[in-house]
Structures are given as structure tokens and as C-alpha cells.
Amino acid sequence: MDRAQKEQLVDELGQVFESSGVVVVARYEGMTVAEMQDLRAQMRDVDGSVRVAKNKLAKIALEGKPCASIGEFLEGMTVLAYSEDPVAAAKIMDGYAKTNDKLVILGGAMGETALDVAGVKAVAAMPSREELIASIVGCIGAPASNIAGAIGAPASNIASILSTIEEKAA
């Protein structure tokens, strides 16, 4: 890799570190190519990415970025997982680490907040953006259905009372 390629890689990583909602650093020593491709596919499904980069270049790209705290994790065979959704990358990495003991989560960052292993697991346990939107829509729609039920209920009660009176009269 020549100097121009290294500078381009540092620029790309710098943009990743600035624009990502979460960055997770993990050790992947011993993983096969098929396992890494499976991890990449799972990350693509949630609009995230997995990147293997030289630690020295990643540390240069981290300088002055909000998530500069992850530089301490960049030793040995490390992989960076990131996504714009603050939960997606952490959720995929945590789930994959549970099924594959060769992937060991070291830590990460969410904006300026440094995350240790427990922090990454806590972020992974949070609901995703889509789940939050669904619950908000459910909360907004619930009062309307309750009002419709309350308005319709008295009419059905009156109808049942009238039919009972009619049956007694007959």
C-alpha cells in the first residue's frame, strides 16, 4: 500500500468515525473467511459495515474525532463495526459474539461516549430505531382506538338494554 492509498484510507476511516452512530471494536483472531463474510452480510442487512484496517492508520484517523477513545482497543487483530443507527452495529456484533467465540468484543464508542464491553452489551439490548418508531406509532394510535371504542360502547349498551326490555315485555 503506497502513501496515497494510506491517506485515502485514513480519510475514509475519519468520515466513518464522524458519521457513525456507534463504532464497535472487536478481536477476530481465528475467524474463517466464511465467518467474516457471514458477519459482513448480517451488518449489511442493518445498513452497517465491518471494516478491517491497520491499527496505526485507524489511530491516525481517530485523531480529533468524537470517538477517539476507541484508540486504546486497537491492538492485535481488530475489526471495526459501525452503523448510523446507534443500536444496529452493537446488536449484530453482540449476537454474533454469542454464537462465535472467536469474535471478542473489546469496546466501542457512541458519539463521544466511550463504551466498554458491558456498555456495548447495554447498547445492544436497547430497542432499534425501527422498534422505537413502531412503539411510538402504537402509542399515538392507541388513544384514537380507545376513543372510538368508548363512543361505540354506549350505543351497544343501549341496544342490549332495549332488547332486554323488549324480551320482558313480550
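Scroll up to find the structure.
Residues numbered from 1 in each chain as written. Predicted model: local features only at pLDDT ≥ 70, side-chain atom pairs only at ≥ 80, totals over all residues. Heavy atoms only, no water.

A. A look at the layout of surface pockets. One number sums up the size of the largest pocket: a volume of about 190 Å³. Lining the largest pocket we find V46, D47, E84, D85, A88, K91, S128, R129 and E130. Across the lining of the largest pocket, the residue classes break down as 2 nonpolar, 1 polar and 6 charged. Domain assignment of the residues forming the lining of the largest pocket places at least three in each of domain 1 (3-126) and domain 2 (127-169). (1 Å grid on protein atoms, 1.4 Å probe; cavity = no way out; pocket = protein on both sides within 12 Å on 5 of 7 lines; lining within 4 Å. Points joined across faces, edges and corners; volume = space filled by probe spheres on them. Nonpolar A, V, L, I, M, F, W, Y, C, P; charged D, E, K, R; others polar. Domains from an automatic or database assignment.)

B. Fine view of the pairing of strand β3 (residues 78-83). For β3, a buried count of 6 out of 6 residues is recorded, marking the element as mostly surrounded by other parts of the structure. Residues T78, L80 and Y82 point to one face of β3 and V79, A81 and S83 to the other, with burial holding for every one of them. Across 6 bridges, the pairing between strand β1 (residues 22-27) and β3 is antiparallel. Directly across from A26, in β3, lies its bridge partner V79. (Buried < 20%, exposed > 50% of the residue type's maximum accessible area, 1.4 Å probe, protein only. Helix = DSSP H or I, 4+ residues; strand = E, 2+ residues; numbered from the N terminus. Pairing = 2+ DSSP bridges.)

C. The pattern of salt bridges, seen in detail. Here the structure, examined in full by the defined rule, presents 6 salt bridges. Among the ionic pairs, E18 bridges to K65, the shortest N-O distance being 3.8 Å. Here the residue E18 occupies a position in helix α1 (residues 3-19), and K65 occupies one in the loop between α3 (55-62) and β3, the gap between them amounting to 47 residues. Between K98 and D94 there is a salt bridge, with the nearest N and O atoms lying 3.4 Å from each other. Residue K98 and its partner D94 are located together in helix α4 (residues 88-99), separated by 4 residues, close to a single helical turn. Relative accessible area serves as the criterion here: at 7%, D94 is assigned to the buried category. One connected set of salt bridges, linked through shared partners, spans D94, K98 and K121. (Salt bridge = Lys/Arg side-chain N within 4 Å of Asp/Glu carboxyl O.)

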